[in-house]
Amino acid sequence: MSWSRWLLALALSTLGCVKRVDEYSSTRTVVFVAKTIRTLDPRHPIAQALAMRGGTLLAVGTRDEVLAQAGSDAVVETFPSSTIVPGLVDAHGHLLHLGQALLTPALQGAVTEAEAVALVKASAQRGDWLVGRGWDQNRWPGHAFPTRASLDLSFPSTPVVLTRVDGHAVWLNGEALRRAGITRATRDPEGGRIVRDAGGEPTGVLVDHAIDLVHVPAPTTEARAQALKLALETCARLGLTQVHDAGMDLETLRVLQQWDMLGALPTRVYVMVDGQDAAHADEFLGLGRSKGRRLEVRAVKLVLDGALGSRGALLGQPSADEPSTRGWSLLSPEVFDARARAFADAGFQVAVHAIGDEAARLALDTLVALARAHPDSRPRLEHAQVLAPADLTRLAEGAVIASMQPPHATSDLAWAQERLGPERVQWAYAWHSVLQAGGHLALGSDFPIESPNPLWGLYAARTRTDQKGQPEGGWFPSQPLTGQEALEGFTTGAAFASFAEQQRGQLIAGREADFVILSVDPVDDPPRALLEASVRLTVVDGIDVYRAPR
Ligand SMILES: [Zn+2]
């Protein structure tokens, strides 16, 4: 059987629970009546009912208006205590990694190194290599990186590779180090670090480009498909009608393209191809842009620096808590600039991961010029986590989109000030400042680094507190968004960031029927209610891709 036929068979066998488009392309009109509909259309912000047919919204308005337009044979569904909002979009996530994270031990909850080891031990994972994800030494006593020693006690002969919560560091046992050929004689690669003890011996943690020294066997196509299916279903269940996948590899793209042709994608996917590696970048440039039913390839993601939690974020000035470090760049400015231009010239939107203020400055040098050379090309700064005031102005005036993730602030607030110092931290995670400067904001989660649940993202955006409500009043109280602004970030803002603002993001007659029915009003209900809220129905293209059990 050819690879593509095999994949087709696999898709049909594994996607049984995902309904196919063809079954639903009926001409039947369906009306939804709710307590409130937040249309995000500034001319008619509130409605009570909407009608759809064949994937398009027919009418949005009062119950009587909509019923009159829908005709007497329309099916009517009533959700008297619920709120309908446009489909929620995560503007920055990683589908394959989410699926893999859901299938392997999640270490986010570990509050000590020993607990993280115990979680790996307790997992039922089988295979040549044991993998896991989500540890964060900043949550442990002392904040020190873990070492191979604790893993070697439990795993003397099976290689173990555990990815840090931000994806920018890995923790290995002795066997994994041995298979990677890493010894005290191995030099730190450019843009990376092998963490060592005082005697120069590798301790088991590799940061940024040093991670490339380890070659965990790539997932089989079947394992990849299993992970993607789980991730897509999870997104639909959480009310996400689209995900912007921030850096997709070709194998993953092929799987999703097959499913899209079959009408089997529950959630729309806007693809930023992974342009980091020169050979892969050329391959993607050769393939060019493409648009299917629910899958669009239109952007490229380039990564300029590491992350703050693993000390790889490129800062203009040294870290406040470890003055010998200020991070590193993962692409030289020349290579970055040339590659960004090549993709922009080929009609791609350029999205750049920049976490440190120096990385943002370098990214904006190129992106502002690209925006000028290619009108309406909407370049994006992904994360934009630490942004000097002058660069904030450049971003807004230069028509560069800020693609930001509110949960990062609530995860990092315990230690970010220590690392950045009292001045820089005021420009960090500054969503509200972006809006005040007149910038475009698209919101997301960066899953699986954070939970993909957009309701938790709305909570983080509105409160800037952790889920226990700390710190009281919110971290840097000038930065929380209003309920309306936060909802816009996950709907109209994300639609603009994928050139889809004429099709989606607002509930207006004639637009595509993507919406979510929630047990909570994300604008008017107190933010705490978002943590307990649930999704009743997720509709993509007029099809219910998720319905909560009654
Ligand atoms: Zn990311």
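In every chain, residue numbers begin from 1 and rise along the written sequence. Given that the model is predicted, a residue must reach a pLDDT of at least 70 before its local features are reported, and side-chain atom pairs must reach 80 or more before they are shown or counted; all residues, however, enter totals for whole chains, interfaces and linings.

As a rule, residues whose C-beta atom has 12 or fewer other C-beta atoms within 10 Å are exposed, those with 20 or more are buried, and those in between are partly exposed; C-beta atoms are placed from the backbone. Starting at the N terminus, helices and strands are each numbered in turn, a helix being any DSSP run of H or I of at least four residues and a strand any DSSP run of E of at least two. For strand β10 (residues 202-208), the tally of buried residues reaches six of seven residues, placing the bulk of the element in the interior. Strands were regarded as paired on the criterion that DSSP finds at least two bridges between them. Pairing of strand β8 (residues 169-172) with β10 involves three bridges; the strand directions are antiparallel. Within β10, the residue paired with Val-170 across the bridge is Leu-206. Here strand β9 (residues 192-196) runs beside β10; their pairing, made up of four bridges, is antiparallel. Bridging from a neighbouring strand, Arg-193 pairs with Val-207 of β10. The turn joining β9 and β10, which pair antiparallel and follow one another in sequence, is formed by five residues; a positive phi near 90 degrees is taken by Gly-200.

We now examine unusual backbone geometry. Between Phe-447 and Pro-448 the backbone carries a cis peptide bond, its omega angle lying at 5 degrees. Examined against the element boundaries, Pro-448 turns out to sit in the loop between β18 (441-443) and α17 (454-463). Cis geometry marks the peptide bond from Gln-470 to Pro-471; its omega dihedral reads -10 degrees. Structurally, the position occupied by Pro-471 is in the loop between α17 and α18 (483-490).

Let us look at the sheet that holds strand β6 (residues 130-135). As summarised here, the arrangement of the five strands in space is β6-β7-β8-β10-β9, forming an open sheet in which the pairing is mixed. Each end of this open sheet is capped by a strand with a single partner; those strands are β6 and β9. Direction aside, neighbouring strands of the sheet carry axes that sit 25 degrees apart on average. Note: β6 against strand β7 (residues 160-164), five bridges, orientation parallel. Directly across from Trp-135, in β7, lies its bridge partner Arg-164. Only the stretch in contact is used when a helix axis is fitted, and all axes are lines through C-alpha atoms; the angle between N-to-C directions ranges over 0 to 180 degrees.

Take the pairing of strand β19 (residues 515-518) next. Of the two faces of β19, the one carrying Phe-515 and Ile-517 and the one carrying Val-516 and Leu-518 are both buried. Summarising the sheet, strand β4 (residues 75-86) and β19 pair through four bridges and their orientation is antiparallel. Each residue of the ladder has a partner; that of Val-85, found in β19, is Val-516. Bridging between β19 and strand β20 (residues 535-540) involves four bridges; their strand directions are antiparallel. The residue of β20 that forms the bridge with Val-516 is Thr-538.

With that settled, consider the sheet that holds strand β3 (residues 56-61). Reading across from one edge, β3-β2-β1-β4-β19-β20-β21 is the order of the seven strands in this open sheet, with mixed pairing throughout. The open sheet is flanked by β3 and β21 (543-547), the only strands paired with a single partner. Strand-to-strand, the axes of this sheet are offset by a mean angle of 35 degrees, without reference to chain direction. Sheet topology places β20 next to β21; four bridges connect them, and they run antiparallel. Across the sheet, the residue bridging to Val-539 is Asp-544, located in β21.

Moving on, we come to the domain arrangement of the protein chain. Interfaces are often described in size by the accessible area the parts lose on coming together. The start and end points of each domain follow an automatic or database-based domain assignment. Segmenting the protein chain into domains produces domain 1 (14-87 + 505-550) and domain 2 (105-213). Each of domain 1 and domain 2 has a C-alpha centre, and the two are 45 Å apart.

Before going further, it helps to spend a moment on α17. The element α17 is largely enclosed, with a buried count of 10 among its 10 residues. For α17, the complete set of buried residues consists of Pro-454, Leu-455, Trp-456, Gly-457, Leu-458, Tyr-459, Ala-460, Ala-461, Arg-462 and Thr-463. After α17 finishes, the residue Arg-464 shows a positive phi value of roughly 50 degrees.

Relative to the helices and strands, Asp-41 resides in the loop between β1 (29-38) and β2 (46-53). Residues Asp-41 and Ser-519, 478 residues apart in the sequence, show an inter-C-alpha distance of 21 Å. Contacts here follow a simple rule: the backbone-placed C-beta atoms of the two residues must lie within 7 Å. Sequence-distant contacts of Asp-41, that is, excluding residues within four places in its chain, are made with Gln-506, Leu-507 and Ile-508.

Structurally, Ala-169 can be placed in strand β8. With 28 C-beta atoms packed within 10 Å, Ala-169 lands in the buried category. Considering only alpha carbons, one finds Ala-169 and Phe-145, 24 residues apart in sequence, at a separation of 9.9 Å. In this view, Ala-169 contacts Arg-164, Val-205, Leu-206, Val-207 and Ser-310; residues no more than four positions away in its chain are not counted.

Here we take up the environment of Ile-194. Tracing the chain through its elements places Ile-194 in strand β9. On the basis of neighbour counts, which here come to 22 C-beta atoms within 10 Å, the residue Ile-194 falls in the buried class. Spatially, the C-alpha atom of Ile-194 lies 6.2 Å from that of Ala-210, the residues being 16 residues apart in sequence.

The next point concerns the packing of helix α8 (residues 221-237) against helix α9 (residues 250-261). If you want to describe how two helices pack, look at the angle between their axes and the distance between the axes. Remark: α8 packs on α9, axes separated minimally by 10 Å, with the N-to-C direction vectors making an angle of 65 degrees. As α8 runs across α9, the sense of the crossing is right-handed. In this structure, α8 contributes Arg-224, Ala-225 and Leu-228 to the contact, and α9 contributes Glu-251, Thr-252, Val-255 and Leu-256. Just so you know the grouping, Ala, Val, Leu, Ile, Met, Phe, Trp, Tyr, Cys and Pro go in nonpolar, Asp, Glu, Lys and Arg go in charged, and all remaining residues, Gly too, go in polar. The residue makeup of the contact of α8 with α9, split by class, is four nonpolar, one polar and two charged. Helix crossings are classified by the rotation of the near helix relative to the far one: an anticlockwise turn of less than a right angle makes the crossing left-handed, while a clockwise turn makes it right-handed.

Contact geometry of helix α4 (residues 95-103) with α8 gives a least axis separation of 7 Å together with a crossing angle of 95 degrees. Between α4 and α8, the angle is such that the two are roughly perpendicular. Within the contact between the two elements, α4 uses Leu-95, Leu-96, Leu-98, Gly-99, Gln-100, Leu-102 and Leu-103 and α8 uses Arg-224, Ala-227, Leu-228, Leu-230, Ala-231, Leu-232 and Thr-234. Broken down by class, the residue content of the contact of α4 with α8 amounts to 10 nonpolar, three polar and one charged. Under this scheme an angle from 65 to 115 degrees is roughly perpendicular, one under 35 degrees roughly parallel, and one over 145 degrees roughly antiparallel; angles in between are oblique.

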